[in-house]
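# Coordinate analysis (summary)
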Amino acid sequence: MSTKKVRVAIVGLGFGAEFIPIYKDHPNAEMVAICRRNEVELNRCGEKFGIFKRYTRFEDVLNDPDIDAVHINSPIPDHAPQSIAALKAGKHVACTVPAATSLAELKELCAAQRASGKVYMMMETVVYSREYLFVKELYDRGVLGKIQFLRGSHQQDMDGWPDYWPGLPPMWYATHCVSPCLAILSTPNQPAHADGVSCHGSGRIREELIKRYNSPFAVETATFSIRGHDVCAEVTRSLFDTARQYRESFDVMGSNVSFEWQQVEGEEPILHTRGLPEPQIPRRIRVPDYAGRLPEPIRKYTGAIHDATHLSFVQGGGHGGSHPHLAHNFLMAVLGLQPAFPDAPTSANWTAVGICAHESALKNGEKVKIPEF
Ligand SMILES: NC(=O)c1ccc[n+]([C@@H]2O[C@H](COP(=O)([O-])OP(=O)(O)OC[C@H]3O[C@@H](n4cnc5c(N)ncnc54)[C@H](O)[C@@H]3O)[C@@H](O)[C@H]2O)c1
């Protein structure tokens, strides 16, 4: 294990603050600085976590030579401009989802990453959630057989969320349901990328919500093709005026075994095994925890509690226990010990599926080609 430490700054301290204790405890990180615009809130966060370098201006973070890497958690429209500026300033970049809101931004982001030679990683929580890691492990071990179909959904009611959310086209924030469909088919040397998407818009949100992004749809549902694979994936998204408990789901249909996400919170997912007598085909299963893949000091952040008889998960083990896995992968990539997953081209592809899907919905489902990055 390397003893080198990456000096990290976190930008945006809503969701972003959840990563502060993880970097503080990671043996290869030094949690050196935090940044948000509101000085009172900035100081409150700094006092709470004992972080003394505090910035209200993003530009000042980039000018600080004692910062190696920035982890960006600002509002969606800022993700690409801030990531590009940080790469150009010579910083490694981790950025929350989505990577950008236009294809032009994605191209510029990939170009900036290539030119800088620094790490860029989109911090997609789903592909480090314990459910995803479990299904990926089953697939890699051959248990599922051949993958025949993939399906993801992400439904959330965003009424009352900050300024940039109202009316956002659902597919502009689609990486949580797109990413597992592509990640599961990827190998370290061969990422699976989507190459074309067809999407339909359905229903209509309130008129006052439509104006901001000129996007009328309550639900957007898309199918996309994957370069080099005969598998089709289907994803569904809603953000406003649609009744549904929060759900990020991922189903995999395999030739031998299929995985199906639980309907509601608190249930367990189902494995369907082909060839068994009918009543035994579906079986609810307990998904294991993957904290053992992490350095010991940050294992506690997956939210799993182990005792002699059972394994349970506590609230706060954010997004399926993904947060410490994300921070760890990013740090290992910065140290050159493993590739960033997803790296810049893969982050761009996952994000572009949603951007092109919305374009397709506006063209009544016409298939849109996804550019290569
Ligand atoms: N599962 C996930 O991956 C997941 C979950 C939650 C949030 N997110 C993403 O995280 C981001 C932040 O979400 P949130 O709910 O914390 O939002 P928020 O609006 O509550 O917080 C945004 C933070 O960014 C700061 N900020 C805004 N503009 C800035 C600037 N120019 N320079 C520096 N700081 C700036 C704000 O002060 C605030 O601290 C969003 O893009 C959201 O999509 C991802």
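Residues numbered from 1 in each chain as written. Predicted model: local features only at pLDDT ≥ 70, side-chain atom pairs only at ≥ 80, totals over all residues.

## Comments concerning the overall build of the protein
- Helix and strand content of the protein: 10 helices and 17 strands.
- Taking 2.2 N^0.38 as the reference for a compact globule, 373 residues should give roughly 21 Å; the C-alpha atoms of the protein span a radius of gyration of 20 Å, in line with that estimate.
- For the C-alpha atoms alone, the extent of the protein along its principal axes is close to 60 × 55 × 40 Å.
- Split into buried and exposed, the 373 residues of the protein put 48% on the buried side. (Helix = DSSP H or I, 4+ residues; strand = E, 2+ residues; numbered from the N terminus. Rg over C-alpha atoms; globule rule 2.2 N^0.38 Å. Buried ≥ 20, exposed ≤ 12 C-beta atoms within 10 Å, placed from the backbone.)

## Looking at the domain arrangement of the protein
- According to the domain assignment, the protein consists of domain 1 (6-124) and domain 2 (126-317 + 352-362).
- The C-alpha-based centres of domain 1 and domain 2 are spaced at 26 Å.
- Counting residues at the interface gives 14 residues for domain 1 and 15 residues for domain 2.
- Elements with a minimum of two residues in the side of domain 1 that touches domain 2: α1 (20-25) and α5 (103-116).
- Looking at the side of domain 1 that touches domain 2 residue by residue, the classes come out as nine nonpolar, three polar and two charged. (Domains from an automatic or database assignment. Contact = placed C-beta atoms within 7 Å. Nonpolar A, V, L, I, M, F, W, Y, C, P; charged D, E, K, R; others polar.)

## Some words on the packing of α5 against helix α10 (residues 344-362)
- Contact geometry for α5 and α10: axes closest at 10 Å, N-to-C directions at 180°. Accordingly, the angle class assigned to the pair α5 and α10 is roughly antiparallel. Where α5 abuts α10, its residues Leu103, Leu106, Leu109, Cys110 and Gln113 lie against Ala344, Pro345, Ala348, Thr351, Ala352 and Ile355.
- Looking at the contact of α5 with α10 residue by residue, the classes come out as nine nonpolar, two polar and no charged. (Axes fitted to C-alpha atoms, helices over the stretch in contact; angles between N-to-C directions. Parallel < 35°, antiparallel > 145°, perpendicular 65-115°, else oblique.)

## Some details on the environment of Ser186
- Mapped onto the elements, Ser186 comes out in the loop between α7 (175-183) and β8 (194-202).
- By C-beta crowding, Ser186 is classed as partly exposed, having 17 other C-beta atoms within 10 Å.
- Put simply, Ser186 and Lys136 are 50 residues apart on the chain and 9.8 Å apart in space, counted from C-alpha to C-alpha.
- Filtering out sequence-adjacent residues up to four positions away, Ser186 remains in contact with Pro191 and Ala192.

## Remarks on the sheet that holds strand β5 (residues 92-95)
- Pairing is parallel in the open sheet, where six strands are placed in the order β3-β2-β1-β4-β5-β6. Two strands lie at the open edges of the sheet, namely β3 (53-55) and β6 (120-122), each paired on one side alone. Averaged over all neighbouring strand pairs, the angle between strand axes comes to 20°, with direction disregarded. (Pairing = 2+ DSSP bridges.)

## As for the nonpolar core
- Ala9, Val61, Leu109, Val197 and Val353 are the most contacted members of the largest nonpolar core, which totals 110 residues.
- Counting contributing residues per domain, this core is built from domain 1 (6-124) and domain 2 (126-317 + 352-362), each supplying no fewer than three. (Core = buried A, V, L, I, M, F, W, Y, C linked by C-beta atoms within 7 Å.)

## Some thoughts on unusual backbone geometry
- Put simply, Val97 and Pro98 share a cis peptide bond, and its omega is -15°.
- Tracing the backbone through its elements, the reader meets Pro98 in the loop between β5 and α5.
- The residue after Phe341, namely Pro342, is reached through a cis peptide bond having omega 0°.
- The phi torsion at Asp241 lies on the positive side, around 55°, for a residue other than glycine.
- Within the fold, Asp241 resides in the loop between β10 (232-238) and β11 (247-254).
- Unusually for a residue other than glycine, Asn364 sits at a positive phi of about 65°.
- When you line up the elements, Asn364 lands in the loop between α10 and β17 (368-369).

## Quick word on helix α6 (residues 130-140)
- Restricting attention to buried positions, one finds in α6 the residues Arg130, Glu131, Tyr132, Leu133, Phe134 and Val135.
- Phi turns positive one or two residues past the end of α6, at Gly142, with a value near 85°.

## Some details on the packing of helix α4 (residues 79-88) against α5
- Direction vectors running N to C along α4 and α5 enclose 15°, while the axes themselves pass 9 Å from each other. For the element pair α4 / α5, the angle class is roughly parallel. α4 and α5 meet at a crossing whose hand is left-handed. On α5, the residues touching Ala80, Ser83, Ile84, Leu87 and Lys88 of α4 are Glu105, Glu108, Leu109, Ala112, Gln113 and Ser116.
- Tallied by class, residues from the contact of α4 with α5 come to five nonpolar, three polar and three charged. (Left-handed = near helix turned anticlockwise from the far one by under 90°.)

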